[in-house]
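Observations on the model geometry
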Amino acid sequence: MALSPFAGENFLTHPLPDYETEWKTILFKAIIATIVFIAVLPKVVQSWFCSGFTPPSRESTKKTSHEDESFSMPNESRPNHKIRVVTKTIINGIEGRSLISRKDNNNNIASSRNGSIPKVRNEAPNHGHATNDDEKKNTNKVPNFVFPFINAVYLAYLFFLILQSPNNKDTARMVYMAPLLKQHETDMIIQMATNAAERNARKAKEELDRLSKDEKSSSNEVKRLEKLLEWPAGFLKDRHSTYPTTDLNVVIDFEEEDKSTIGQILDARLGPLLERIYGVSKDSLRTNDMFVVRYDGEGQQSLGMHTDGCHISFNVLLNDDFEGGGTRFHNTKDDSHQDANPKPGNVLINNAMVLHEGLPTTKGTRYILVGFMYVDVKDPWSGVKKHVSWFSTYLSIPWLTVVLKEALEIKSQTQAAAAAAAASRSNRDERNHQGSKDALILSLINEAFWSFYAMGNTLAHDIVSLVREEDADAYIDTLDSSHKNVHDDESHRGVRWFSGQQIHLNWDGSIYSEWQARLDNQGKFHDTD
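Being a predicted model, the structure only gives us computed values, none of them experimental.

To continue, consider the overall build of the protein chain. Helices and strands together make up the secondary structure of the protein chain, namely 14 helices and 17 strands. Taken as a whole, the protein chain presents about 29,500 Å² of accessible surface, with 53% of it coming from carbon and sulfur.

Applying the stated rule across the entire model yields five cavities of 30 Å³ or more. Considered as a void within the structure, the largest cavity measures approximately 150 Å³ in volume. In terms of residue count, helix α11 (residues 397–422) provides more of the lining of the largest cavity than any other element does, five residues in total. Taken together, the residues of the lining of the largest cavity sort by class into nine nonpolar, three polar and four charged. Empty space within the second largest cavity amounts to approximately 110 Å³. Forming the boundary of the second largest cavity are Asn167, Thr171, Tyr278, Val280, His311, Ile312, Asn351, Val375, Ser392, Ser396, Pro398 and Trp399. Here the residues of the lining of the second largest cavity sort into six nonpolar, six polar and no charged.

Turning next to the environment of Leu318. Examined against the element boundaries, Leu318 turns out to sit in the loop between β8 (312–317) and β9 (322–324). Classification of Leu318 by relative accessible area gives buried; the value is 1%. When the C-alpha atoms of Leu318 and Val292 are compared, they prove to be 9.4 Å apart, with 26 residues separating the residues in sequence. Setting aside its immediate chain neighbours within four residues, Leu318 contacts Leu181, Thr186, Ile189, Ile190, Val292, Pro344, Tyr367, Ile368 and Leu369.

Criteria and thresholds
- Residues numbered from 1 in each chain as written.
- Predicted model: local features only at pLDDT ≥ 70, side-chain atom pairs only at ≥ 80, totals over all residues.
- Heavy atoms only, no water.
- Helix = DSSP H or I, 4+ residues; strand = E, 2+ residues; numbered from the N terminus.
- Areas by Shrake-Rupley, 256 points an atom, 1.4 Å probe, with all protein chains shown as cover.
- 1 Å grid on protein atoms, 1.4 Å probe; cavity = no way out; pocket = protein on both sides within 12 Å on 5 of 7 lines; lining within 4 Å.
- Points joined across faces, edges and corners; volume = space filled by probe spheres on them.
- Nonpolar A, V, L, I, M, F, W, Y, C, P; charged D, E, K, R; others polar.
- Buried < 20%, exposed > 50% of the residue type's maximum accessible area, 1.4 Å probe, protein only.
- Contact = heavy atoms within 4.5 Å.

Scope: geometric values only; no functional claims are made or implied.
What follows is the structure, encoded as structure tokens:
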């Protein structure tokens with residue numbers, strides 16, 4: 001996978017990883033380790049433990065002065081009887097003995113009288129070569145624990161290499177700050193949000209007036225409209241159920257022209273920066289939610305500690321005429337924190353698993369543009385694979401943590417639905433078996449999620465400013481100029497900012513479900529030119 005060169009590289013004050021070079025280095029080390037641990041080391045260990053016979057003992061080595069020692073009883077001492085000749089061969093401490101057969105008796109006696117050594121026939125000669133039984137007795141076997149230990153060391157080394165990937169050690173818990181918008185652009189987006197809220201309030205009032213005349217109107221719909229008309233009118237107050245914010249969704253609430261303007265800015269500036277920071281191709285990036293949030297001294301002032309439901313999140317401060325505010329990022333490794341107070345137009349970018357909170361705005365109104373980004377391994381609709389490295393996905397601790405988190409949520413939902421369906425079954429044993437199986441799977445996913453989350457929290461935490469304040473305008477102009485020179489063809493596909501929002505994914509990257517708001521506003525979910 002080839003990453004695009006970043007036009008703003010010369011403005012960066014903090015060195016970002018050279019992803020392609022570091023990935024190649026890790027891959028090379030992994031190949032060498034595989035050769036050593038799988039092909040070389042087992043043979044070396046085998047030779048150490050299975051090197052042949054046990055060295056001869058001291059007693060046996062004392063008897064090696066003659067290669068063959070033969071002796072026979074004198075013929076005179078035992079006339080007309082069989083003569084027993086014993087041949088003792090000592091080779092490497094191994095003794096062989098044999099008896100002369102009766103038919104060779106006369107020949108050996110004659111040879112003895114002539115002063116020559118009688119010919120001896122050994123029935124089981126041994127010339128230094130061990131039999132199978134000898135090998136079994138003298139060969140040392142490799143202990144059972146050796147090869148499992150080698151495999152464990154090999155896997156531990158591969159895991160260590162994965163931790164050295166820049167997607168883990170460099171960016172997993174870092175927060176990056178860089179210029180993104182100029183002042184007139186931040187004012188423009190605030191005005192877009194104000195206009196959207198006014199439209200929402202006007203439509204809600206008209207709809208509420210109509211429903212008040214209809215006796216069959218839904219009480220839930222009436223409550224929704226009344227909630228929308230509460231101060232600040234036109235802003236949604238409960239769009240995010242777990243951590244609700246006072247916000248507007250850019251896709252649903254903004255005009256088409258507004259979305260087109262925002263999309264062009266993000267294509268030129270944010271897309272290339274995300275690719276450079278995280279080593280992911282722009283075409284693998286998809287926004288799952290983009291919204292403008294307001295915090296008020298007299299309304300919702302803050303947001304509690306949380307992690308975001310995505311892979312990468314960003315937020316852009318749009319104004320500074322307020323008091324208080326800011327974002328606090330927590331380091332659970334040493335129970336510390338750092339506060340980020342960027343200037344208007346600056347963007348904060350971080351992996352979504354960084355624990356953070358919105359600090360109280362004590363006076364005035366604070367506006368921020370927020371985006372939740374996903375790194376897709378394939379297109380959720382067509383299934384076409386994206387141009388993204390395994391190091392940025394399956395071998396990335398932050399990416400895997402989010403996948404496990406979503407799998408946990410989906411499994412919890414399916415388990416609840418299955419339990420409700422199983423309650424109607426008459427076979428109690430079948431219900432108990434299915435319930436135990438689902439509980440086991442859920443427990444395993446939960447343990448894996450918290451293990452990866454805890455592992456990520458041990459990595460480096462910091463807030464880094466990438467561009468000097470005095471270079472902000474020149475940096476933005478350089479990115480805009482570079483974007484104009486890039487042809488928008490299939491080989492330069494950009495980030496999917498709008499059309500891919502508000503969906504839930506399965507663990508394999510396919511669509512699990514769509515948000516209700518997307519189902520109610522299908523015509524608005526498309527990318528602009």
